[in-house]
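# Notes for the structure review
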Amino acid sequence: MENVNKEPYVVGGKSYTAVAINTAAKTGQWIKSKLGDFNSIDVKYSSQDLVTEVDKGSEKMIRKLIMTHFPQHSFLGEEGVEPGPAASALALQNVSHAEYLWIVDPIDGTTNFIHGFPFYTVSIALAYKGEVIVGVVYDPSSDELFVAEKGKGAYVHGKKMQVSADDKLSNSLIATGFPSDRNTALPINLKGIQSIAPKVRNIRSAGSAALHLAYVADGRLSGFWEIGLNSWDIAAGALLIQESGGTITDTEGKPYSLAVRNVIGSNTLIHGELQQELSAAEATGF
Ligand code: 2AM
Ligand code: CA
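Definitions and limits used
Residues numbered from 1 in each chain as written. Chains lettered and ligands numbered in written order. Predicted model: local features only at pLDDT ≥ 70, side-chain atom pairs only at ≥ 80, totals over all residues. Heavy atoms only, no water. Domains from an automatic or database assignment. Contact = heavy atoms within 4.5 Å. Buried area = accessible area lost by both parts, 1.4 Å probe. Donors = N, O, S within 2.8 Å, 3.2 Å for Na, K, Ca; no water. Buried < 20%, exposed > 50% of the residue type's maximum accessible area, 1.4 Å probe, protein only. Helix = DSSP H or I, 4+ residues; strand = E, 2+ residues; numbered from the N terminus. Polar contact = N/O pair within 3.5 Å; in protein donor to acceptor, adjacent residues only side chain to side chain. Pairing = 2+ DSSP bridges. Axes fitted to C-alpha atoms, helices over the stretch in contact; angles between N-to-C directions. Arc of directions from axis to C-beta. 1 Å grid on protein atoms, 1.4 Å probe; cavity = no way out; pocket = protein on both sides within 12 Å on 5 of 7 lines; lining within 4 Å. Points joined across faces, edges and corners; volume = space filled by probe spheres on them. Nonpolar A, V, L, I, M, F, W, Y, C, P; charged D, E, K, R; others polar. Right-handed = clockwise from strand over helix to strand, strands pointing away. Near = heavy atom within 4 Å. Areas by Shrake-Rupley, 256 points an atom, 1.4 Å probe, with all protein chains shown as cover. Sits in = over half its atoms within 2 Å of the grid points.

## Some thoughts on the domain arrangement of the protein chain
Split into domains, the protein chain comes out as domain 1 (7-160) and domain 2 (169-280). For domain 1 versus domain 2, the separation of C-alpha centres amounts to 20 Å. The interface is formed by 45 residues belonging to domain 1 together with 29 residues belonging to domain 2. A buried area of about 2800 Å², summed over both sides, lies between domain 1 and domain 2, and 64% of it is on carbon and sulfur atoms. Three residues, Gln48, Phe119 and Phe146, lead the burial of domain 1 against domain 2; their summed loss comes to 22% of the area buried on that side.

## Regarding the coordination of the calcium ion (ligand 2)
Surrounding the calcium ion (ligand 2) are the protein donor atoms Glu78 (OE), Asp105 (OD), Asp105 (OD) and Ile107 (O), which sit 2.0 to 3.2 Å from the metal. Given a relative accessible area of 13%, Glu78 falls into the buried group.

## Re the side chain of Thr17
You can see Thr17 is positioned in helix α1 (residues 16-33). Engagement of the side chain of Thr17 in a polar contact is seen with the side chain of Glu149, the distance being 2.7 Å.

## As for the sheet that holds strand β3 (residues 74-77)
Two modes of strand pairing occur in sheets, parallel and antiparallel, and in both the strands are linked by backbone hydrogen bonds. Here we have seven strands laid out as an open sheet, ordered β3-β4-β5-β6-β7-β8-β9, and mixed in their pairing. With partners counted over all chains shown, the strands left at the sheet margins are β3 and β9 (159-160), one partner each. As defined by bridge partners, strand β4 (residues 100-108) adjoins strand β5 (residues 121-128) across seven bridges and the pair is classed as antiparallel. Bridge pairing in β5 places Leu101 opposite Ala127. Most of the contacts of α1 go to strand β6 (residues 131-139), to which it runs at about 30 degrees, and overall it touches β4, β5, β6 and β7 (144-149).

## Digging into helix α8 (residues 271-280)
Helical geometry note: an α-helix holds 3.6 residues per turn, so side chains three or four residues apart project in the same direction. Buried residues of α8: His271, Leu274, Gln275 and Leu278, and no others. Down the axis of α8, the buried side of the element spans an arc of 95 degrees, and every buried residue falls inside it. Among the exposed residues of α8, those oriented more than 90 degrees off its buried face are Gln276 and Ala280. In this fold, the buried residues of α8 make contact with α5 (185-196), β12 (223-226), β13 (247-250) and β14 (263-266). Just beyond α8, the residue with positive phi is Glu282, at close to 50 degrees.

## Some points on unusual backbone geometry
One non-glycine residue, Asp143, lies in the positive phi region at around 55 degrees. The phi dihedral of His157 falls on the positive side, at around 45 degrees, and the residue is not glycine. In this fold, His157 is placed in the loop between β8 (153-156) and β9.

## Section: the layout of surface pockets
Rolled over the atoms, a probe with the dimensions of a water molecule shows which regions are left empty. Reported here for the largest pocket is a volume of approximately 1000 Å³. Taken together, 46 residues form the lining of the largest pocket, with Gln48, Asp49, Pro179, Ser180 and Glu226 sitting closest to its centre. Looking at the lining of the largest pocket, the elements that each hand over two or more residues are α3 (85-94), β4, α4 (110-115), α5, α6 (209-217) and α7 (231-242). A class-by-class count of the residues in the lining of the largest pocket yields 15 nonpolar, 18 polar and 13 charged.

## With respect to the pairing of β4
In terms of burial, β4 is a largely internal element, nine of the nine residues being buried. Here four bridges tie β3 to β4, and the two strands are oriented parallel to one another. Counterpart to Leu76 in the pairing with β4 is Ile103. Between β3 and its parallel partner β4, the chain crosses via α3, and the hand of that crossover is right-handed.

## Let's talk about the site of ligand 1
Near ligand 1, the surroundings consist of 18 residues, among which Asp105, Asp108, Gly109, Ser180 and Glu226 are the closest. At a separation of 2.9 Å, an oxygen atom of ligand 1 approaches a polar backbone atom of Thr110. Between ligand 1 and Asn230 there is a distance of 3.5 Å, counted from a nitrogen atom to a side-chain nitrogen or oxygen. Alone, ligand 1 offers 480 Å² of accessible surface; in the complex the protein occludes 88% of this. Applying the majority rule of atoms within 2 Å of the grid points places ligand 1 in the largest pocket. In terms of residue count, β4 provides more of the shell around ligand 1 than any other element does, three residues in total. The residue makeup of the shell around ligand 1 includes at least three contributed by each of domain 1 (7-160) and domain 2 (169-280).

Now the structure itself:
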């Protein structure tokens, strides 16, 4: 029968969320099977910005699985973009007209993967007209799959997630990162750490922005911030946080959009305090 709908034909009629979940889980298991078993490590932008054949293979697998179901959709993946901030901004601009856009980090936490440190994830988001409507972060080491659907809440293995109830920095566990860009992003984040560390219960930094954001959504952390990230590190985690009662903005407190690179995600209650401290420390960006 002729497809009279304007909607593209969907193989198996699977929902966006089901495809995102299956793709992340399948790819994550494959990545885990490659731990310690890959031939080459390439340096991308700097000697701290690494990529392996597993990152590339993972992205290929994700693209294939998603495009099988939704061939009309657009796709933005980390490994399809030249290294460096200018190229990543341009890549995002090039797909800004897309109605449905999948935003994918095939391995968030590549350095951890290379070293066998079990804190890396697959991050898959779907945006509709620039707004994230599905977010999945899968951690193959713990076999935890975090999933959010716009307006329908966020879940980890069937349990509805809720952000923490800490209402002060002083009793909050906060995470951040050590950006690989040592010339610009790292010094600013270090200024932020210098200011925030004495004011919070403690700081954690485990090397995957997407997984830290998922931990904020599940109340394991009360906040996360980092300077100089890319859209694919943040998009899925942003929806996880929003759908768990949290708040995600840029480091100046402006609303989250796909173009945000300097990010704060929190349980909402400490958002203002964290943002103000970063501002006071002149640690909000370049
Ligand atoms: P990645 O493993 O996908 O590269 C650690 O501080 C976080 O920053 C990780 O989420 C890591 O993601 C990300 N990251 C690493 N190199 C980066 C770069 N050059 N630009 C932006 N983000 C980067
Ligand atoms: Ca990556």
